[in-house]
Structures are given as C-alpha cells and as structure tokens.
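Structural overview for review
Each chain, written out:
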Amino acid sequence: MIMSNVAIAGVGYTPVFVSKRKDVNIAEMISESVATALENTGLTPDDIDAVTFGNMQTFEGLNMPHLWSAEHILAVDKPTIRISTGGTTGMSTLQAAYYYVASGLYDIVMAVSWEKQSEGDSQVGLAGIVMPEAMVMVQHGLDLFGGGGLSAMGGGSTGAASFQAMSYLHHSGADPEHIDKMAALERSNAALNPYAHLRKKTSVEDIQATPFIAWPLRFGHTCPTSDGATTCIVMSEEKVRKMTDGNVAWITGLGSATSDPSTANFLEGQLTDPAEQEPARIASAKAYKMAGIKDPSRELDMAEMYNGFAHQSLMWLEKLGCCKEGEAHKLLDAGALNIDGEIPTNASGGVFSTNAIGASAMNRPAECALQIMGKIEGGHKIPKKIRKAVSHGWGGMFQYVTVMVLADEPMKS
Amino acid sequence: MAYNKDLETREVQATWDVTTYQYKLDGRGAKVLADGMKEKTIRGIKCPQCGRVYVPGPTYCRVCYIDIDDVVDCSDEGVVMSYCIEMADVRGNPMDEHRVSAMIKFDGADTWFIGTVHGIDPMDVKIGMKVKAIWKDVTEGNLGDIQRFEPV
Amino acid sequence: MQRKVAVVAQKQINSADVGMPRERMLYELVKSLYEEVGISRDDIDTFVLCSNDFNAGHTISNVFEDCPVGAYMKDETKVEADGVWAATYALARILSGLYETALVVGNSQGGSVMRPYLMMDYQLAPVYDRQLGLLNELSAAGLQAHAFLAKKGLTPDTLDEIAARNLADAAKNPDAFNGKAGASAADVAATDMLYEPLRKGHCYPFTDGACALLIASEEKAKKLTDRPAWIRGVGDSIDTYYPERDVVDVKSVKLAGERAAAMAGIGLKDLDLVELSAKFAHQEPILLEGLGLPADGGAASVSPSGGAFGAYAFNAAGLVRIAECFKQLTGSAGDTQVEGAGYALAHGQDGLCMQHNAVMIMSSEEG
Ligand SMILES: [Zn+2]
C-alpha cells in the first residue's frame, strides 16, 4: 500500500566527473552538486527539510564525513542521516530520501552522494571488504595471490567479475565480442554526455586493441575511478504541485535485496554463482509490482544500470526482466540498446564510463529522471518520450542490488 | 563554481589501517577443511534441514537459519562452474604465463571454490568440465595441499 | 504520523569482550529474538542494519552482517550512524506503507576488536584537525566538560556524582555489563585522570555489543505481542562541526527534542523517563538542559538503565536506549522499572561533543 506519491524534482551534478579534481576539496566538491540541485529546482536552503548523505568512507579513509561537511550539504540544524551500502550507496541514499518523504515525516529531502577516489586508495578500500577473512585462510596455507592449487585472488585484478562474465556468456549464449560491442556502445554514449568521465567515441576495434586482464575481460571492459558528486531533491506530491511546474520524475517503484557475499575462498563457501544475481530479480519484481508494471520488457522505455564491467549491462537487462534470458546480446546486435533504440541502455555511458563510486548508483536514477523530464544536457538525450524507466545499483561483495522505477506520472491512488 | 583544471589544492597524508583491529573470525569451517586435507579429503558442513553442503562451512545455514555442524566429506573431483584465464596479476601487470582460474563445485558440495587448472590448453577449458584435485605427495593439513586441478 | 508503529521486541548483548565474531554475535542475538517472538526470518519485511565500516574494520560492513541476521535473499539496507537513526529509518519505511515489519540491528566490537577513540580520530576533519593531532574524543570531551563546569559554576564533584548514580543503576540492569552496585562519588573520584577534568569513571565503557529491535505496523504489532511500545515522535538535528558552536547549550539537542515532542503531541515535561547516550558524565546535564528538563530530570527518571555508563557499543548504543525505553514502557525493566512509565525518550548521538543528536519518543499507550 503506497501512502503517498514521491518525485525527484531536480538533480545536481558536479560540473565534471574526472580522475582527479585538484581545484576543490571534498566538501567543496560535494557543495557544487548541492548548489546545482537547488539552482535547478529554484529552491532555497530553507526549503530543505532533511538531508540523506552517502559515500564509501573507507575509500578516502574518512569516518563520518558528513559531520565536517554539514555546512556544505546545507544540513546544519536539519535532520540528517548517513547511508552506506557499498556500490549501491548512491541509490540507497536516494531510497532513504524516498522513504523519508513517503513516510510523511518530511516533505522535501535532499539526497547527497559522492566519492573523491583520487583522495584515497581504491584498492585498499576494496581489499578492506574481505581482508581479515582472507588472512584466516592464509593462516591455513592459502596462497593469497594465486599460483597454488587454491588461490584467494583468483580472477586477477578483475576478481570474481571475470567468473561472472564467463558464466554469463555460457548461460546466455553471448560471445566475448558482445562484451566488446557493449563496451564500445557505452563509451560512445559517454562521449555525448558532458558529465561522463571517459568521453571518447570508441569503436569495437578500439576496445579489442586493449589487453586482456583475465579472459574474457579486457582492460577496455573495466570502469574508471572518478571524482564527483550527485544530489537529488525528492519531494512529496503536495510540494510538487505547490513548488514546481510539475515537470518531475515520479518514483513509482523501488526495492533492494541481498544474497550471500562472493567469498569463494574466504572463510565460508558461497551458495550462489556470481552471474545468478537472484537479488536483482527479487528487488525488481517488487519494484515493478509497486509501479504496476506487468511486462517490463514491453513497458520500460529505458534502463540505467550499474555496470562496473561491460558484460554487466547485458546481464542486468536480463536479470531485471527487460528481456528474456539470453536475449540481451540479440537486442544489442539489433541496435535496440542504442540511444535511439527500443530500450536505450546506459545512454549516459553507465558506471562503466563514470565511477565516483558513492554517487554511481544515484546517477542511474538521476539519469532516468533527467530523461523523463527532458532535461538531459548533451547528445545522449533519448529522442523518444520516456514514460517509464528502470534504474539499478549493484554492490556489497557481489551480493546486493537496489532497483528504482521512475515514471512521468504519479501512481493513481 | 566551475571546474578549474589549473587550480590546485594542497594535499596532506592520512592513513586508515586495517592492522589496527584485533579481528575475531570464525575459523571452524576453514580448520575442518584444512585438517581434512591431511587425509586428501575435502570436508564441508552439511545443513540437516535443507541438505546444503558448505565448503568451508559456516556455523549456521544461510537459508534455514539454524546451527549446523555435521562434517561431511565431499569428492576431490568437481565441476567447473565458471573460469577465467588470468593474463595480468592483481596489480594489472601482464603475466608471462597465462593461468586458468576456475570456480569449482566439488561433487557433494553446494558452494564453489577457486582453483588453478593445469594440464589443458586454456582455450579448451569449458564450463561444466570435470576436474580433480592433484594433491601434494606429502600433505600437511593446510590449504596448500592441493597443488593444482587437472581435467578428469 | 500517517500510521501507528510500535516496537514489538528487543534483544541486546553487551560485554567488554563478547568472545564471538560479530557474525556469530549477530546470529545468536537475532535468532533469540525470532524465537522469543515466535517468528522466522521470513516474517521480516525489511532489515535495517546499523554499523560503520571503520568500527567493523571492513569496507561495506553489512556484507558479512546480512546473512547472520537472516536477510539472505531479503530486503536490506544499512545506516552508518548511531542506532537511533537506524530505528528512525525503519520507522519511515513502515510509515511509507510498503512494509509491515522491520528488524533493526546495530553492532560494533569496541571492547575487543576496534579502538573506539581511534575511530573517533578518523572522524576529525582531514586537512586540519586530523593533521594537527591535538583533538581527539577525550580532549574534546574534556574541553566540553570544562566549559560546562565553568558556565554552571560547578566542580568536578558533580561529574563524580552523575557517574556514580549511573554505574549503580547499571548494576541493577542485567543487559548492562559495566555496573557497580552501590557505586559512590568517591569510587569514581578514585579512578584515573585521563583528560582533566575527565576521569576514567566519567567515560563510557569500551563495549562489544549488538542490539536488535523488531518494529511493526499497528496491525502486525498487535498480532505479535500484547505489550508493544508505541513510537510517537522522532527528531534529529546536526550542529556545525566547527568550534564556534556552543558545546554547552547544544542547539541540535534542543531542536531534536522539540521536533520529536511536536510530532508526539506532548511536552517534554510529560516524559516519565529519558534514556540518554551521555558518553561522558558532563553530557547528561547538557542533554537534560537541551531537552528543557531540570538537572535532576524533574518528573522524568534519568537513564534508569545506567545509560551509556552500563554499555556503549557504537551503532548499537542508540538502539539499546530505545530497547531500555521499551522495557520500561512494557513493564519488563525488572529492578530498574520506573513505576507507571507512560512516556519515554531515547537519545543517540554522533560526532565530537555531541555534534549530531537524535531522539525518539515512545509511549505505553497507543495514543
Ligand atoms: Zn539449510
């Protein structure tokens, strides 16, 4: 039972997403997205009832950074909550803003997400997920870096993503070239997006010229690390009527689900294949039901998904029900995933082209919202009218998925 | 408020160090597994309710949410669930020798393990392929006792 | 509030060294809650975890927490703050109408795994305070304590008395571990001086702990228990980090209290008890004043459980305060029971010198 309709009224990005912002510090960088979100919605700081805030704090080695960023996120004297769920943090933070408004506790909530990966060590951040668990296995004689019979870091620097990619290829019938093709498509989409990090029109040949890290994944299949922040302003239906021109994106469905961590050789066996991603089905089924979507493959106009690696866009399309299992690569071949295709997929270039990790999963629904509102800046604007869009976040240790469905109209009560 | 490529902020150092923790971790399943290797056996823990066998075993079943402690032996042969061919190390440097790393589900287990597969052209590896553990001649009861995996 | 929501059950573990990995600690805690209420993990609609990557020493601390609480293949999220925020978020999720039951679980192991003061160091602004190395949680608390004593014209004896009362109360609470039966001001005054005027006895104990709360909508709560405690109001506010803020007259406490009271439709003077997260002795009177209550609480009993002195596990602490209010409002607080407790307030804090404060007001009657 949905008690009230909630919308994204506006989005604010930092002016750029790049490898290293030397001209601003963390708080200044976050405040850019906050100020832009206010500017884009015509709101003043006093209009904001509460703030939700998220990033992955071990990536910069900063505990509870909202405390000293309070001014910069306009949180002083306001209710404020910190959310963090890994790669999904951005969407989890936005979902918290949704619930704060849907609960009736607040009318206008600002969701702020960011990462300044250049100020930390992403490898330390990532290793911190399972380092103690790995150490127990090392105590039991496990070869940490591989070479022995059992190896902790199997999959090289792409880790379990390579296993996921191979399992996906096997079960879907897609070829490794489809990963190259998807990579080229998204990089080329990113070239049109002024807020993307890697902005270079890229051909399949360009991707294929990059070295393999772990077959079937190449260097050209992996995402960058970026500095950047994103802010979304979330509003109740009543405030939308009173304070906006009505051109907003309605959050009509949402969900999240977790399975078990991908801990292969770390302490406890994992039950699920990394390409199985049952949480994506659970979370999307819930979101679609809420949004009244019966056949996502027909009803959705676009998809923005969390793809740290290029094969994932194809995989998620299937797991989120945008097409049948094993069909995503056929849609790719048919041009259906292009910006002017039937189901434009990561028109923004995806996480694959821009990855300020705490913000990455907020950029997905933010892009959907901007497409719905017709406010996309840049050539990745989808030509057709967007009525319903699905966005997706992926995090944890391969185990956690968030989904948010957006629409141009609120749900009828 | 615009991006200024030329402006530089000052940088200062700070650390976050995982060595400042005295972590407590449950090592039972790992110990059961490692000890079994002395006898060239793959040991896991079985859930009496759903029958799932975890290798290494946790102290409870994730699905049934009950304590589990039935130690069971699995085969040292298993199926390749997925694999990749490592061509660069964890820091991204190219490796001289390519290496097949595979997710292997031991027969009798419901979880997968990562192992290195030798004795086959990497491009000939297939999902669903049967492999077996090749043990050291003298095992010590640790996770290094499996030297490699080879196709059956 | 657009729906009625209640706390249905609580479970807590607090110890100087719980002797278990956090996964096992969470599993045993949550399993005991399910068994007591007579439900299974299938009955939980949404899990709100509350932990912190620094406190856990794990990036994405919920990675290894979701299965132990029973969230495998279930809806889950994580709050990185004190437990009162996690409970507030769970409340919001149920109020939205999308969930009927929420399990909130907070934990950390500051007694045996991580070092609480070091984790607070990591909260310092990175380019100045953290570099300078002058401020830490204790030195900041010492400054706050001095400011408080000076402003009120009091001596450190006051701190000894506050701590002694809390420690003695904690001894009556089986869920606290740091109690001292019949503790006196002299006992506290005999403890080591850490940062003048703060002695060890004035400070929260390093704690391994976890707390689980089952929160449910009206319909569901009535099915699950005949003695729920109703959530009537929530409020939180954050102050500036920077030193120009008044650390004695704490604005965020005042705003949080006013917001929760307005939502609950009561005056704070109507409270029968307050459960405060005063991590240091001087913070108790500061909190009471911020809430508009007299220094002895007036009609309200002050932290009858022993408050933060009995146990203070980061992330779980605020949930423990709510759990103690639940015990009081359902008449199950044993030797610490406040007779006829009808309204209670739970408080949680984050940051140095209580920069960020949250409160939840609960009642025994449905309202
Ligand atoms: Zn089972």
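Refer to the structure above for everything that follows.
Here goes a summary of the coordinates provided. (Residues numbered from 1 in each chain as written. Chains lettered and ligands numbered in written order. Predicted model: local features only at pLDDT ≥ 70, side-chain atom pairs only at ≥ 80, totals over all residues. Heavy atoms only, no water.)

A look at the interface of chain C and chain A
If you look at the interface, chain C gives 60 residues, while chain A gives 66 residues. Between chain C and chain A lies a buried interface of about 5100 Å² when both sides are counted; carbon and sulfur atoms form 58% of it. Contact with chain A buries area across many residues of chain C, yet Thr59(C), Met73(C) and Ile238(C) alone supply 13% of it, more than any other trio. Inspection of the region where chain C meets chain A yields three salt bridges. Notably, a salt bridge pairs Lys286(A) with Asp75(C), separated by 2.9 Å at the nearest N-O pair. Linking chain C with chain A are 36 residue pairs in polar contact (both at pLDDT 80 or more). Elements represented by at least two residues in the side of chain C that touches chain A include exactly helix 2 (53–56), strand 3 (76–79), helix 3 (83–95), strand 8 (229–238) and helix 10 (251–264) of chain C. (Contact = heavy atoms within 4.5 Å. Buried area = accessible area lost by both parts, 1.4 Å probe. Salt bridge = Lys/Arg side-chain N within 4 Å of Asp/Glu carboxyl O. Polar contact = N/O pair within 3.5 Å; in protein donor to acceptor, adjacent residues only side chain to side chain. Helix = DSSP H or I, 4+ residues; strand = E, 2+ residues; numbered from the N terminus.)

Some details on the coordination of the zinc ion
Residue and element names in this part refer to chain B. For the zinc ion, the full set of protein donor atoms is Cys47 (SG), Cys50 (SG), Cys61 (SG) and Cys64 (SG), at a range of 2.3 Å. All donors of the zinc ion come from a single chain, and their spacing in sequence reads C-x2-C-x10-C-x2-C. Placement of the pair is Cys47 in the loop between strand 1 (42–46) and strand 2 (53–54) and Cys61 in the loop between strand 2 and strand 3 (70–74), with a sequence separation of 14 residues. Accessibility assignment for this pair places Cys47 and Cys61 in one class, buried. (Donors = N, O, S within 2.8 Å, 3.2 Å for Na, K, Ca; no water. Buried < 20%, exposed > 50% of the residue type's maximum accessible area, 1.4 Å probe, protein only.)

Some details on helix 7 (residues 157–171) of chain C
All names here are of chain C. When the terminal C-alpha atoms of helix 7 are compared, their 21 Å separation across 15 residues agrees well with the 21 Å that a helix rising 1.5 Å per residue should span. Helix 7 sits mainly inside the fold: 11 of its 15 residues count as buried. All of the buried residues in helix 7 are Thr158, Leu159, Asp160, Ile162, Ala163, Ala164, Asn166, Leu167, Ala168, Asp169 and Ala170. Summarising the contacts, the buried residues of helix 7 are in contact with helix 6 (137–152), helix 8 (185–189), strand 6 (198–199), helix 11 (283–290) and helix 12 (307–310). (Expected span 1.5 Å × (residues − 1).)

Considering the environment of Phe326(C)
Residues and elements named next belong to chain C. Considering the arrangement of structural elements, one finds Phe326 in helix 13 (residues 317–329). Distance from Phe326 to Ala346, taken between C-alpha atoms, is 9.6 Å for residues 20 residues apart in sequence. Apart from residues no more than four positions distant in its own chain, Phe326 is found in contact with Val7, Val8, Ala9, Gln10, Arg227, Ala229 and Met362.

Regarding the pairing of strand 12 (residues 356–363) of chain C
The two faces of a sheet get side chains in turn, since along a regular strand they alternate between them. All names here are of chain C. Among the eight residues of strand 12, eight are classified as buried, and the element is accordingly described as predominantly covered. Of the two faces of strand 12, the one carrying His356, Ala358, Met360 and Met362 and the one carrying Asn357, Val359, Ile361 and Ser363 are both buried. Bridge analysis of strand 8 against strand 12 gives eight bridges, and the strand direction is antiparallel. Paired with Val234 across the strands is Met360, a residue of strand 12. Bridging between strand 11 (residues 343–350) and strand 12 involves eight bridges; their strand directions are antiparallel. (Pairing = 2+ DSSP bridges.)

Here we look at the packing of helix 6 of chain C against helix 11 of chain C
The axes of two packed helices give the description: the angle between them and the distance between them. Residues and elements named next belong to chain C. At their nearest, the axes of helix 6 and helix 11 sit 10 Å apart, and the two run at 65° to each other. In this structure, helix 6 meets helix 11 at a crossing whose hand is left-handed. Residue-level inspection shows Gln144, Phe148 and Lys152 of helix 6 in contact with helix 11, the latter providing Gln283, Pro285, Ile286 and Glu289. Residues that form the contact of helix 6 with helix 11 fall into these classes: three nonpolar, two polar and two charged. (Axes fitted to C-alpha atoms, helices over the stretch in contact; angles between N-to-C directions. Left-handed = near helix turned anticlockwise from the far one by under 90°. Nonpolar A, V, L, I, M, F, W, Y, C, P; charged D, E, K, R; others polar.)

A look at empty space enclosed by the protein
Enumeration over the complete set of coordinates arrives at 11 cavities of 30 Å³ or more. There is about 130 Å³ of room inside the largest cavity. Considering the residues around the largest cavity, the lining is formed by 15 residues, among which Asn55(C), Gln123(C), Phe314(C), Gln349(C) and Asp350(C) are closest to the centre. Across the lining of the largest cavity, the residue classes tally to six nonpolar, six polar and three charged. Computed from the structure, the second largest cavity encloses a volume of approximately 110 Å³. Lining the second largest cavity are 13 residues, and of these Lys24(B), Arg22(C), Ala56(C), Gln109(C) and Val113(C) lie nearest its centre. For the lining of the second largest cavity, the element with the highest residue contribution is strand 4 (residues 101–109) of chain C, accounting for three residues. Here the residues of the lining of the second largest cavity are counted per class, giving four nonpolar, five polar and four charged. (1 Å grid on protein atoms, 1.4 Å probe; cavity = no way out; pocket = protein on both sides within 12 Å on 5 of 7 lines; lining within 4 Å. Points joined across faces, edges and corners; volume = space filled by probe spheres on them.)

A few points about the pattern of salt bridges
Under the counting rule described, the total for this entry stands at 53 salt bridges over all chains. Here Asp295(A) ties to Arg298(A) by a salt bridge, and the two come within 3.1 Å at their closest N and O atoms. The partly exposed category is assigned to Asp295(A), whose relative accessible area is 27%. Taking the relative accessible area as the measure of exposure, Arg298(A) reaches 70% and is therefore exposed. As a salt-bridge pair, Lys151(C) and Asp246(C) come within 3.7 Å of each other at their nearest N and O atoms. In this pair, Lys151(C) is assigned in helix 6 and Asp246(C) in the loop between strand 8 and helix 10, connecting sequence segments 95 residues apart. According to the relative accessible area criterion, Asp246(C) is partly exposed, its value standing at 36%.

Some thoughts on unusual backbone geometry
The omega angle of the peptide bond from Trp215(A) to Pro216(A) is 15°, so this bond is cis rather than trans. For Pro216(A), the position within the fold is in the loop between strand 5 (212–215) and strand 6 (217–218). Pro56(B) follows Val55(B) through a cis peptide bond whose omega is -10°. Relative to the helices and strands, Pro56(B) resides in the loop between strand 2 and strand 3. Phi is positive for Phe398(A), close to 70°, though the residue is something other than glycine. As for its position among the elements, Phe398(A) is in the loop between strand 10 (388–395) and strand 11 (400–407).

What to know about the interface of chain C and chain B
For interface size, the figure often reported is the accessible area lost on association. Between chain C and chain B, the contact holds 35 residues from the first and 21 residues from the second. Among the residues of chain C in contact with chain B, Arg24(C), Tyr27(C) and Val113(C) are the three that bury the most area, contributing 22% of the side total. Linking chain C with chain B are three salt bridges. A salt bridge links Asp17(C) to Lys24(B), with the shortest nitrogen-to-oxygen separation between them at 2.9 Å. Applying the counting rule to chain C against chain B returns 11 residue pairs in polar contact (both at pLDDT 80 or more).

A few points about the packing of aromatic side chains
Going through the model one piece at a time under the given rule, you end up with 28 aromatic pairs over all chains. Geometrically, the ring pair formed by Tyr13(A) and Phe17(A) is edge-to-face, given 5.9 Å between the ring centres and 80° between the ring planes. The residues Tyr13(A) and Phe17(A) share a single accessibility class, namely buried. Ring geometry for Tyr204(C) versus Phe206(C): centroids 6.0 Å apart, planes at 55°, classification tilted. What makes Tyr204(C) buried here is its relative accessible area of 3%. Connected via pairs of aromatic rings, a cluster forms that spans Tyr98(A), Tyr99(A), Tyr100(A), Tyr106(A), Tyr89(C) and Tyr99(C). The aromatic ring of Phe352(A) is capped on one face by Arg187(A), whose charged end is 3.9 Å from the ring centroid. A cation over an aromatic ring shows up here: Arg218(A) above the ring of Phe212(A), its NZ or CZ 4.0 Å from the ring centre. (Phe/Tyr/Trp six-rings, centres within 6.5 Å; stacked < 30°, edge-to-face > 60°. Lys NZ or Arg CZ within 6 Å of the ring centre and 35° of its normal.)

Some points on the sheet that holds strand 3 of chain B
Residues and elements named next belong to chain B. A sheet is described by the order of its strands in space; here three strands give the open sequence 2-1-3, paired in antiparallel fashion. The sheet is open, and its two edges are formed by strand 2 and strand 3, each paired on a single side. Sheet analysis places strand 1 next to strand 2, joined by two bridges and oriented antiparallel. In the strand pairing of strand 2, Lys46 is matched with Val53. On the sheet, helix 1 (residues 28–38) packs against strand 1 and strand 3 and is oriented at approximately 145° with respect to strand 1.

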